[in-house]
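# A structural walkthrough
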Amino acid sequence: MNIEEKNCCYQKKKERSETEYKDLIHRLNRIEGQIRGIKGMVERDTYCTDILIQVAAVNAALNSFNKVLLANHIKTCVINDIKAGKEETVDELLETLQKLMK
């Protein structure tokens, strides 16, 4: 175990293609803008149902982000790890799916 692995804050890393990176950042920027919009609606005393509809749109955008990220993860990280004999990645994927489906 190297020094990074002993560190309590160690996390795996993934290099993303420029296309994947730009797509994910673009999605997150839109979601961030939607959140700021909701905050503004609350500050302007907007009617509750109008805010709830915008919150539903943010939830849909986050779910879409998760689907794209999960698909990319399976197509790259999971497949590469399985090819390298790291079958524990399947258990990690199953654990992640359980958390996403709560």
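In case you missed it, the structure is sitting above this.
Now for a look at the structure at hand. Each residue is numbered by its place in its chain's sequence as written, counting from 1. For this predicted model, a pLDDT threshold of at least 70 governs which residues receive local features, and a threshold of 80 or more governs which side-chain atom pairs are given and counted, while totals over whole chains, interfaces and linings are taken from all residues. Excluding hydrogens and water, the side-chain figures rest on all heavy atoms present in the structure.

## Focus: helix H2 (residues 18-43)
Rule in force here: Helical segments are the DSSP runs of H or I of at least four residues, strand segments are the runs of E of at least two, and each set is numbered from the N terminus. A helix's residues, less one, multiplied by 1.5 Å, set its expected span. Contacts were defined at the residue level, with two residues in contact if any of their heavy atoms lie within 4.5 Å.
End to end, H2 covers 37 Å across 26 residues, agreeing with the expected 38 Å (1.5 Å per residue, within 8%). Lining the buried residues of H2 we find helix H3 (48-83). Positive backbone phi, approximately 60°, marks Asp45, located one or two places after H2.

## Concerning the pattern of salt bridges
Rules: Here, a salt bridge means any Lys or Arg side-chain nitrogen found within 4 Å of an Asp or Glu carboxyl oxygen. Note on exposure labels: buried denotes an accessible area under 20% of the residue type's maximum, exposed denotes more than 50%, and partly exposed covers the range between, all computed with a 1.4 Å probe on protein chains only.
Scanning the entire structure with this criterion turns up eight salt bridges. A salt bridge links Arg16 to Glu20; its shortest N-O distance comes to 3.6 Å. The partly exposed category is assigned to Arg16, whose relative accessible area is 40%. The exposure class assigned to Glu20 is buried, which follows from its relative accessible area of 11%.

## Here's the deal with the environment of Ile53
You can see Ile53 is positioned in helix H3. Separated by 32 residues in sequence, Ile53 and Gly85 have C-alpha atoms that sit 46 Å apart.

## Some remarks on the nonpolar core
Using the following cut-off: Residues belong to one nonpolar core when they are buried, are Ala, Val, Leu, Ile, Met, Phe, Trp, Tyr or Cys, and are joined through side-chain atoms within 4.5 Å.
The biggest cluster of nonpolar side chains holds eight residues, and these are Leu24, Ile31, Ile38, Met41, Ile51, Val58, Phe65 and Val68. Secondary-structure elements contributing two or more residues to this core are H2 and H3. Sequence-distant contacts of Ile51, defined by excluding residues within four places in its chain, comprise Ile38, Met41, Val42 and Thr46.

By themselves, these figures tell us nothing about what the structure is for.
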